[in-house]
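# Geometric and topological summary
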Amino acid sequence: MANQPYSPQPDSESEGTSNSLGDGPSYDLIIRNGRLLDLSDTKPGNQCCDTQPELTDIAMGDRRILAIGPNLPGHAKQTIDAQGNLVSPPFVESHIHLDSILTAGEPRWNQSGTLFEGIEIWGDRKQSLSQADVKARALAALKLQASHGVLHVRSHVDVSEPKLIALHALLELQEDVRPWIDLQLVAFPQDGLYGAPQNSDLLEEALKLGTDVVGGIPHYELTREDGVSSIHRLFDLAEKYDRPLDFHCDEIDDPQSRFLEVVAACALRREMGHRTTASHTTAFASYDNGYATKLMGLLRRAQINFIANPLINITLQGRGDSYPKRRGVTRVKELWQAGLNVSLGHDCIQDPWYGLGSGNPLDVAHMAIHVCQMTGQEEISACYAMVTRNGAQTLGIQGQKYGLQIGNLANLVVLNATTLREALSQRGMAIAVISQGHCLAQTSPPQTEWQLPANRTP
Ligand code: 17E
Ligand code: FE2
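All values derive from a computational prediction rather than experimental measurement. Every chain is numbered on its own, with residues counted from 1 as its sequence reads. Chain letters and ligand numbers both follow the written order, the letters beginning at A and the numbers at 1. Only residues with pLDDT of at least 70 are given local features in this predicted model, and only at 80 or more are side-chain atom pairs given and counted; all residues enter the totals for whole chains, interfaces and linings. Processing note: side-chain calculations cover all non-hydrogen atoms of the structure and skip hydrogens and water entirely.

## Side note on the environment of Cys 348
Definition in use: Runs of E in the DSSP output that reach at least two residues are strands. Runs of H or I that reach at least four are helices, and both are numbered from the N terminus. In what follows, residue pairs with any heavy atoms lying within 4.5 Å of each other are defined as contacts.
As for its placement among the helices and strands, Cys 348 is situated in the loop between strand E14 (342-344) and helix H10 (361-371). The sequence separation of Cys 348 and Leu 115 amounts to 233 residues, and the corresponding C-alpha distance is 12 Å. Sequence-distant contacts of Cys 348, defined by excluding residues within four places in its chain, comprise Ile 312, Trp 353, Tyr 354 and Leu 356.

## Thoughts on the site of ligand 1
The condition that has to hold: Definition of nearness: a residue and a molecule or strand are near each other if at least one heavy atom of the residue lies within 4 Å of the molecule or strand. Each polar contact in these results corresponds to two N or O atoms within 3.5 Å; when the atoms are within protein, one needs to be able to donate a hydrogen and the other to accept it, and residues that are neighboring in sequence are counted only if both atoms are side-chain atoms. In this description, accessible areas are obtained by the Shrake-Rupley approach with a 1.4 Å probe, and a residue is regarded as covered only by the protein chains that are shown. Gly is put with the polar residues, along with every residue not named as nonpolar or charged; the nonpolar set is Ala, Val, Leu, Ile, Met, Phe, Trp, Tyr, Cys and Pro, and the charged set is Asp, Glu, Lys and Arg.
Neighbouring ligand 1 are His 97, Leu 115, Phe 188, Gln 190, Ile 217, His 248, Glu 251, His 280, Asp 347, Cys 348 and Trp 353. Take Gln 190: an N or O atom from its side chain is 2.7 Å from a nitrogen atom of ligand 1. At 2.8 Å, a side-chain N or O of Asp 347 approaches a nitrogen atom of ligand 1. Burial of ligand 1 by the surrounding chains reaches 100%, relative to a free accessible area of 260 Å². Residue composition of the shell around ligand 1, grouped by class: five nonpolar, four polar and two charged.

## A few points about the pattern of salt bridges
Should the charged atoms of two oppositely charged side chains come close, the side chains can pair. Going by this rule: Salt bridges are defined as contacts in which a side-chain nitrogen from Lys or Arg sits within 4 Å of a carboxyl oxygen from Asp or Glu. Each residue's exposure class comes from its accessible area (1.4 Å probe, protein chains only) as a fraction of the maximum for that residue type: buried when under 20%, exposed when over 50%, partly exposed otherwise.
Applying the stated rule across the entire model yields 21 salt bridges. For Asp 133, the salt bridge goes to Arg 125, with nearest N and O atoms at 3.1 Å. An identical accessibility class is assigned to Asp 133 and Arg 125; each is buried. Among the ionic pairs, Glu 204 bridges to Lys 240, the shortest N-O distance being 2.8 Å. Here Glu 204 is found in helix H4 (residues 199-208), whereas its partner Lys 240 is found in helix H5 (residues 224-241), with 36 residues between them in sequence. A residue is classified by how much of its surface remains accessible, and Lys 240, at 58% relative accessible area, is exposed. Residues participating in the shared-partner salt-bridge network are Glu 106, Arg 125, Asp 133 and Arg 137.

## Describing unusual backbone geometry
For residues that are not glycine, phi is negative in most cases, and the peptide bond is trans in most cases. In this structure, the amide linkage connecting Glu 106 to the following residue, Pro 107, adopts the cis form with an omega of -5 degrees. Here Pro 107 is to be found in the loop between strand E7 (91-97) and helix H1 (115-125). The step from Tyr 323 to Pro 324 runs through a cis peptide bond, and the omega angle for that step is 0 degrees. Counting through the fold element by element, Pro 324 comes out in the loop between helix H8 (310-316) and helix H9 (332-337). A positive phi is found at Thr 281, a non-glycine position, where the angle reads about 40 degrees. Relative to the helices and strands, Thr 281 is located in the loop between strand E12 (276-280) and helix H7 (289-302). Even without glycine at this site, Arg 427 takes up a positive phi of about 50 degrees. Mapped onto the elements of the fold, Arg 427 is located in the loop between helix H13 (420-426) and strand E16 (430-435).

## Here we look at the sheet that holds strand E9 (residues 182-188)
Quick note on the threshold: Pairing between strands is defined by DSSP: at least two bridges between the two strands are required. In this analysis an axis means a line fitted to C-alpha atoms, helices contributing only their contacting stretch, and an angle means the value between N-to-C directions, from 0 to 180 degrees.
Ordered in space as E7-E8-E9-E10-E11-E12-E13-E14, the eight strands form an open sheet in which the pairing is parallel. At either end of the open sheet lies a strand with only one pairing partner, and these are E7 and E14. Here the average twist between neighbouring strands, direction ignored, is 25 degrees. In terms of strand pairing, strand E13 (residues 305-308) meets E14 through three bridges, oriented parallel. Note that in E14 the partner of Phe 306 across the bridge is Val 342. Strands in contact with H5 are strand E10 (213-216), strand E11 (245-249) and E12; relative to E11, the strand with the most contacts, it is inclined by about 165 degrees.

## Topic: the pairing of E13
Definition in use: By the criterion used throughout, a crossover qualifies as right-handed when its path from the first strand across the helix to the second strand runs clockwise, the strands pointing away from the viewer.
Here E13 shows no split at all, with Asn 305 and Ile 307 on one side and Phe 306 and Ala 308 on the other all buried. Alignment of E12 against E13, held across three bridges, turns out to be parallel. Bridging across to E13, Thr 277 finds its partner in Asn 305. After leaving E12, the chain enters H7 and then returns to the sheet as E13, a path that is right-handed.

These values are about where atoms sit, not about what they do.
What follows is the structure, encoded as structure tokens:
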């Protein structure tokens, strides 16, 4: 069964079908014959992300997981046969920019491929934003991602635009989509907290409007001193409004860009490590090992979270290099080996910084495996954890909101693969996505029909 291609079964209607076993309890939804992924231990040296050997059923009702076990008795309004495929907790998109999403080529293409040209192009595109424009693009992207099994998203929103058009649109969208996808918004001062006189007030206004997370961009401030002072100011605001922080931090090839140490020291002194995230940190890949070793000690003490965006940073960074050419993705493997929480984000889908992007987190994990050279069996599993469980930890999704356990919210994905290596090799599709006990999306894998030439003589 396990290595047969998946073919969708018609949904069965409650009692009397082949999928109901005896009288038993009645559920809203049962997934039968799945291979449950255990993401409980993805530390180096441990056998991690194992799949259970036996096939298992998962029964759901009242938006929660009610029972897990082989051949569960009972019946359901809807039954999905997983046909031996993996059943995983949902993907977590821990870093994306929904305001600029799907604007590639507007008003022009990024010719240099750099972060800075991307910021310039976005600066022009954001002059013509409307709430309807932002909402339509962001909704299309959320649906694309949900079709791949993403049910939690953290999006940065540029709040250095004086009318906060994108923020108003995304706050509305956050409410609209709440029944099926969990969306967090970060107040992100793309042009610098001190890049224009009103930017600091705009960011505070965004927090008053209910934006979930405080953002920053210290490496883009005009001076090193402005960068440092922006970090202190943003921690003050996070304390004042009781919000977590997620910085775009050292997204540059400059080995002198050392804001990560300032973020980590602030988090340590204010005891906010678990609520603090450093995104990108690409300069960490350019630091010499002497400084990097000292920094790693501080990071271990501070226990902040990291988000790498390998699809984007492998293309944005190293543009000024000839050869050897830097990869420009942060030290993912070393951070993971140090026991720090690392997740992976898509960052962009078809926008001024990156013209490609499928919305599938397996593409992101696949790129991380390559760029960060995490090709060992347990390293591959760790990269999978970085687009699932670790992302949930970064986003503060705790308790019964994440994971395949009885009593938890029934959020899960059935993948078209029986092992993690297969899922990552094929970037296999999410054949069923269950959000809060409701089957949100189903996708049928493509089928290849062969007409091999028979016994043709040359
Ligand atoms: N803005 C930024 O500063 N860095 C990025 N990688 C993107 C937007 C996508
Ligand atoms: Fe970003």
